[in-house]
Amino acid sequence: MIRSVVLAKLKGGYDAAELAQIQQGLRNLNCPGTVAYSMGSDAGLREGNWDLVIVADFTDADAYRGYDADDEHNALRARLAPMIEQIARAQMELPA
């Protein structure tokens, strides 16, 4: 299984309604091999945290690659990009 983690720092003055629509669109994606998908805004429990997090589990690397190349996913990502100041991504293999 592959876990993908994305953290984003958002620029000031972004459109909160647009961000909410993008988040809902990402949650509604139905890419083959997606086991679990969650995303949301930071809970504000520590100073200096990133603003947005996405955690997704996929059956294997091919399923992750399919998600990464999905047209709808990339359209949503393109809408989100202007709001992002900084982004960090990592994928890891989970033990069986």
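Whatever comes next refers back to the structure up there.
Residues numbered from 1 in each chain as written. Predicted model: local features only at pLDDT ≥ 70, side-chain atom pairs only at ≥ 80, totals over all residues. Heavy atoms only, no water.

Before going further, it helps to examine the pattern of salt bridges. Within this structure, the stated rule accounts for 4 salt bridges. With its nearest N and O atoms 2.7 Å apart, the salt bridge here joins Arg 3 to Asp 57. On the criterion of sequence distance, the pair formed by Arg 3 in strand 1 (residues 2–10) and Asp 57 in strand 3 (residues 52–58) is long-range, its members being 54 residues apart. In this structure Asp 57 comes out as buried when scored by relative accessible area, which is 9%. (Salt bridge = Lys/Arg side-chain N within 4 Å of Asp/Glu carboxyl O. Helix = DSSP H or I, 4+ residues; strand = E, 2+ residues; numbered from the N terminus. Buried < 20%, exposed > 50% of the residue type's maximum accessible area, 1.4 Å probe, protein only.)

Let us look at the nonpolar core. Counting 21 residues, the largest nonpolar core has Leu 26 and Leu 80 as the members making the most contacts within it. Elements that contribute at least two residues to this core include exactly strand 1, helix 1 (16–27), strand 3, helix 2 (61–69) and helix 3 (71–80). Filtering out sequence-adjacent residues up to four positions away, Leu 80 remains in contact with Leu 19, Ile 22 and Leu 52. (Core = buried A, V, L, I, M, F, W, Y, C linked by side-chain atoms within 4.5 Å. Contact = heavy atoms within 4.5 Å.)

Those residues of helix 3 not exposed but buried are His 73, Leu 76 and Leu 80. Viewed end-on, helix 3 has its buried residues packed into an arc of 65°, placing them on one side of the element. When the buried face of helix 3 is taken as reference, the exposed residues oriented beyond 90 degrees from it are Asp 71 and Ala 78. Looking at the buried residues of helix 3, the elements they touch are helix 1, strand 3, helix 2 and strand 4 (84–93). One side-chain oxygen at the N-terminal end of helix 3 lies 3.1 Å from the backbone nitrogen of Glu 72; it belongs to Asp 70. (Arc of directions from axis to C-beta. Polar contact = N/O pair within 3.5 Å; in protein donor to acceptor, adjacent residues only side chain to side chain.)

Bear in mind that shape data such as this cannot, by itself, settle questions of function.
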